[in-house]
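Descriptive analysis of the structure
The lines below spell out each chain.
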Amino acid sequence: MPAPDTFWSCFSAALTYLAVLAVPGGLIGRAAGVRGWALAGLAPLLSYAVTGLAGPWLGIAGLPYNAATAAACTVLLAGFAYGTRRLCVARGWLKAGAEEPPVPWSAREHWAVAACVVVAVGLSTAVVLSARGGTTAVFQRWDTVFHANGIRYIADTGDGSLTGMSKINWYPDGSFYPNGYHLVGALVHQISGASVPVTLNAITMPVAGLFALSMVALIRQLGGRAVYAGCTALVAAGATTGAYESVSSGLLPYALGIVLTPLAVVALQRFLVRPGVDTGLVMALSATGLLVAHSSALFGAVLFALPVVLQRWYRSLRRRPVDGVPDERPAWRVIGGDVLRILPVMLLSGLLAAPQILGAIGFTAGSYPYHAWNSDLSVPLALRLLVTFQQVLSRPQIWLTVLLAVGVLGFRTLGRMRWVPLSALGLSAFFVLVTCYGYLPWVISLSRPWWNDRYRLMALAAIPLCLLAGHGMAELQRWFARLARRGSWARSRPRVLARAGVGTAVLVVAVMAVLTGGFYRTANATAVSYLYYNGPEGEVTPPVSADEIAAMEHLGAMGIPARQKVLNDRMDGTAWMYAIAGVHPVAGHYDGGGPVDPDAVYLAMHFRDYDTDPRVRDAVRRLDVHHVLIGSGTIRKDTPIAPGLRGLDGRDFLKLDYRNPGAAIYTITR
């Protein structure tokens, strides 16, 4: 359902988000000596790192988190990076240059790849906007209300701690949750002035474009061809299982972690090729950025990037050239040196992210319930889902399957990226394991960082699969270019020979765009539309209705003090009232697990007995409840309203203040 905002407010929020992604991380990366595509790719990750660290550390220091304090933290970190690097250069401890990409691109290639990234951003934006038909639509999936309320809480209160935003539901103490996504969202909401639903839409629109940018930065860092980078950017913007499927399930921070994961290889490669204070700081911040985006992202990045290190060590054992290592250095020194040098980086990351690490340890040791999905699909079906980039949709992305097959067959031309098939094999095997044997206790334990969820692991496996499919598309271009150059007509015309590469690249992209229907834009819009309907359109009733939004807006205009809570049903859309109207609900999330206040549980069951049950009256007094908002529809199909909130009309302790066809507001009169 739409919230009352305009297209221009969403446009302003989108520009603000791009600025928040580019400026903080760009300043820090440039101060640390990062340039070119590495800087463009790492800037969003470093921005999430500095904001994700600023919120909790400012909270510990008793300082508010806002645009000014986030900017101050950025300047301090950028100044530290710049000063340290300049000192090391002046003392001769650092000689930059070895970490730069080993293969140059021409200016034309840089511009062509940039155009592919712009197209990818445009495709991503078009997919999200066409999924629901507007920029103000309210997300309907399970966790989206938690993210929405969290963003507004941080922006309104300045509390950037790791437990603060969850106090909307788990009051009074809150519950641990990595909040990097929400800290950035709070800045966008605060700076742009857009509503929270519009802010969420603006943050979601370029998600696949960020995926494309991360892929380009990775390929560029490892010396891949420009054609490979451009093709992979388009594949990343078209693969449903890459960014869109996580978004369609409402896994917004997880989708962010997935699209930033390829950047772990960029930071790692730069450090391995030239270990130094500057490259080490960038790597530590990159690891921290993944951790604050989503706790599983760092685990996924380790699994994804491990083959890079294994390939490096394998080459040293075979006495083959290794980037950044003299030819005569023995393998044991290469391996031992890599391990010893990475330990200080891990220590620095641990110190920076100490609040997140300690919070995660405390959370996993706590009482919050963990429910495994216990998936048991057949192995052939799991493999088919993988190679067809299909899970939530009924139709496979068959042309990506063709490109994937070509990419696998042509793996020998990957050069420094021959580790990609090994990464794809490992992550695909992990997906199959959880998909087919997710009911086994040891599999549940192994996949716990991903909540034993095959949809999350599909997105992780999609990263190397997209790299292979992009390679397949680039190999087709290489084959067509060679074919075009062999003809006598072309050989007799030097200008034709010189432009054969460009022409065949344009041809391959154009043909794939036609065959895939604009890189599966319509199919991906269908997948993302589940985010706005909580499932396929027409099969479910969205839990947040237009009537409920109107009632929440009316509630916000009633001047309810911040300390008061409004009683509501946990399963209907009224849990959004804080994000939309700034009024604190009794039930601020569909999730009633964990340390939910016992008074909230009791009122849901017995509030209608207010006249006869003193425990109800005591709970109302303790929670400071003066109003009740009753909506319609629920997040779970066929789940009725809580027993204590049924049949409130005519109760002598309530006065009806507002009603529309789908919602009603009451005031407790005594």
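Presented here is a report on the structure given in the accompanying data block.

Reading guide: rules and limits
Residues numbered from 1 in each chain as written. Predicted model: local features only at pLDDT ≥ 70, side-chain atom pairs only at ≥ 80, totals over all residues. Heavy atoms only, no water. Helix = DSSP H or I, 4+ residues; strand = E, 2+ residues; numbered from the N terminus. Rg over C-alpha atoms; globule rule 2.2 N^0.38 Å. Buried < 20%, exposed > 50% of the residue type's maximum accessible area, 1.4 Å probe, protein only. Contact = heavy atoms within 4.5 Å. Areas by Shrake-Rupley, 256 points an atom, 1.4 Å probe, with all protein chains shown as cover. Pairing = 2+ DSSP bridges. Expected span 1.5 Å × (residues − 1). Axes fitted to C-alpha atoms, helices over the stretch in contact; angles between N-to-C directions. Parallel < 35°, antiparallel > 145°, perpendicular 65-115°, else oblique. Left-handed = near helix turned anticlockwise from the far one by under 90°. Core = buried A, V, L, I, M, F, W, Y, C linked by side-chain atoms within 4.5 Å. 1 Å grid on protein atoms, 1.4 Å probe; cavity = no way out; pocket = protein on both sides within 12 Å on 5 of 7 lines; lining within 4 Å. Points joined across faces, edges and corners; volume = space filled by probe spheres on them. Nonpolar A, V, L, I, M, F, W, Y, C, P; charged D, E, K, R; others polar. Lys, Arg positive; Asp, Glu negative; His and termini not counted. Salt bridge = Lys/Arg side-chain N within 4 Å of Asp/Glu carboxyl O. Polar contact = N/O pair within 3.5 Å; in protein donor to acceptor, adjacent residues only side chain to side chain. Arc of directions from axis to C-beta.

A look at the overall build of the protein chain
- A tally of helices and strands in the protein chain yields 28 helices and 5 strands.
- Relative to its length of 670 residues, the protein chain is compact, with a C-alpha radius of gyration of 26 Å against a globular reference of 26 Å.
- Each principal axis of the C-alpha distribution contributes one length, and for the protein chain these read about 95 × 55 × 50 Å.
- Within the protein chain, the proportion of its 670 residues that are buried is 57%.
- Long-range pairs, those at least 24 residues apart, make up 76% of the contacts in the protein chain between residues at least 6 apart in sequence.
- In the form shown here, the protein chain has an accessible surface area of approximately 26,700 Å², with 64% of it arising from carbon and sulfur atoms.

Some points on the sheet that holds strand 1 (residues 565-568)
- Ordered by their spatial adjacency, 5 strands build an open sheet running 2-1-3-5-4, and the pairing between neighbours is mixed. The open sheet is flanked by strand 2 (584-585) and strand 4 (654-660), the only strands paired with a single partner.
- Where strand 1 meets strand 2, 2 bridges bridge the pair, whose relative direction is parallel. The partner of Lys 565 across the bridge, within strand 2, is His 584.

Some points on helix 6 (residues 180-192)
- Its 13 residues place the ends of helix 6 18 Å apart at the C-alpha level, agreeing with the 18 Å of an ideal helix rising 1.5 Å per residue.
- For helix 6, a buried count of 11 out of 13 residues is recorded, marking the element as mostly surrounded by other parts of the structure.
- Among all positions in helix 6, only Gly 180, Tyr 181, His 182, Leu 183, Val 184, Gly 185, Ala 186, Leu 187, Val 188, His 189 and Ser 192 are buried.
- Backbone geometry just after helix 6 places Gly 193 at a positive phi near 75°.

Overview of the packing of helix 8 (residues 207-221) against helix 9 (residues 226-238)
- Close contact between helix 8 and helix 9 brings their axes to 8 Å; oriented N to C, the two are set at 155°. Comparing their axes, helix 9 and helix 8 come out roughly antiparallel. Along this stretch, helix 8 crosses helix 9, giving a crossing that reads as right-handed. Touching Ala 208, Phe 211, Ala 212, Met 215, Val 216 and Ile 219 of helix 8 are Tyr 228, Ala 229, Thr 232, Ala 233, Ala 236 and Ala 237, all from helix 9.

Structural notes on the nonpolar core
- If you look at the biggest cluster of nonpolar residues, it comprises 203 residues, and the most contacted ones within it are Met 417, Trp 576 and Phe 607.
- Counting residues per element, this core draws most heavily on helix 21 (residues 454-486), at 13 residues.
- Once residues within four sequence positions are removed from consideration, Phe 607 is found in contact with Leu 567, Tyr 602, Val 616, Val 620, Val 628, Gly 644, Leu 645, Leu 648, Phe 653, Leu 654 and Ile 668.

Notes on the layout of surface pockets
- Quantified by volume, the second largest pocket comes out at close to 630 Å³.
- Around the second largest pocket, the lining is made up of 24 residues, and of these Leu 268, Met 283, Val 302, Ile 342 and Met 346 lie nearest the centre.
- If you list the elements that add at least two residues to the lining of the second largest pocket, you get helix 12 (263-273), helix 13 (277-293), helix 14 (295-317) and helix 15 (331-352).
- By residue number, the principal contributor to the lining of the second largest pocket is helix 15, which donates 8 residues.

Structural notes on the packing of helix 9 against helix 21
- Viewed as axis vectors pointing N to C, helix 9 and helix 21 meet at an angle of 130°, and their least axial separation amounts to 8 Å. As summarised for this structure, helix 9 and helix 21 are arranged oblique, according to the angle between their axes. The hand of the helix 9/helix 21 crossing is right-handed. Here Val 227, Tyr 228, Cys 231, Thr 232, Leu 234 and Val 235 of helix 9 lie close against helix 21, whose contacting residues are Cys 466, Leu 467, Ala 469, Gly 470, His 471, Met 473, Ala 474 and Gln 477.
- Taken together, the residues that form the contact of helix 9 with helix 21 break down as 10 nonpolar, 4 polar and no charged.

A word on the environment of Ala 155
- Note that Ala 155 resides in helix 5 (residues 144-157).
- A residue is classified by how much of its surface remains accessible, and Ala 155, at 15% relative accessible area, is buried.
- When sequence neighbours within four positions are dropped, the list of residues in contact with Ala 155 reads Ala 186, His 189 and Gln 190.

Digging into the side chain of Asp 159
- In this structure, Asp 159 sits in the loop between helix 5 and helix 6.
- Buried charged residue Asp 159 carries no salt bridge. Nearest counter-charge: Lys 167, at 4.1 Å.
- Looking at Asp 159, its side chain comes within polar contact range of the side chain of Ser 161, at 2.8 Å.
- Setting aside its immediate chain neighbours within four residues, Asp 159 contacts Tyr 153, Ile 154, Gly 164 and Lys 167.

What about empty space enclosed by the protein?
- Applying the stated criterion across every chain yields a total of 3 cavities of 30 Å³ or more.
- A volume near 90 Å³ is recorded for the largest cavity.
- Forming the walls of the largest cavity are Tyr 17, Tyr 48, Tyr 181, Ile 203, Thr 204, Val 207, Leu 210, Val 247, Leu 252, Ala 255, Leu 256 and Val 259.
- Going through the elements one at a time, helix 7 (196-204), helix 8 and helix 11 (252-260) are the ones with two or more residues in the lining of the largest cavity.
- Looking at which element gives the most residues to the lining of the largest cavity, the answer is helix 11, with 4 residues.
- Broken down by class, the residue content of the lining of the largest cavity amounts to 11 nonpolar, 1 polar and no charged.
- When its volume is computed, the second largest cavity comes out at roughly 40 Å³.
- Residue assignment for the lining of the second largest cavity shows that the elements contributing at least two residues are helix 11 and helix 14.

A word on the environment of Ser 248
- Tracing the backbone through its elements, the reader meets Ser 248 in helix 10 (residues 240-248).
- A C-alpha to C-alpha distance of 41 Å links Ser 248 and Arg 651, two positions 403 residues apart in sequence.
- When neighbours within four sequence positions are excluded, Ser 248 is seen to be in contact with Arg 141, Val 392, Ala 527, Val 528, Tyr 530 and Leu 531.
- A distance of 2.7 Å separates a polar atom in the side chain of Ser 248 from the backbone oxygen of Glu 245.

Some remarks on helix 17 (residues 379-387)
- Turning to helix 17, its buried residues are Ala 382, Leu 385 and Leu 386. Taken around the axis of helix 17, the buried residues stretch over an arc of 100°, which confines them to a single face.
- One or two positions beyond helix 17, positive phi appears at Phe 389, with a value near 50°.

Regarding unusual backbone geometry
- The omega torsion of the bond from Tyr 171 to Pro 172 falls at 5°, within 30 degrees of zero and hence cis.
- Note on placement: Pro 172 falls in the loop between helix 5 and helix 6.
- Not every positive phi belongs to a glycine, and Asn 452 is a case in point at roughly 55°.
- When you line up the elements, Asn 452 lands in the loop between helix 20 (441-446) and helix 21.

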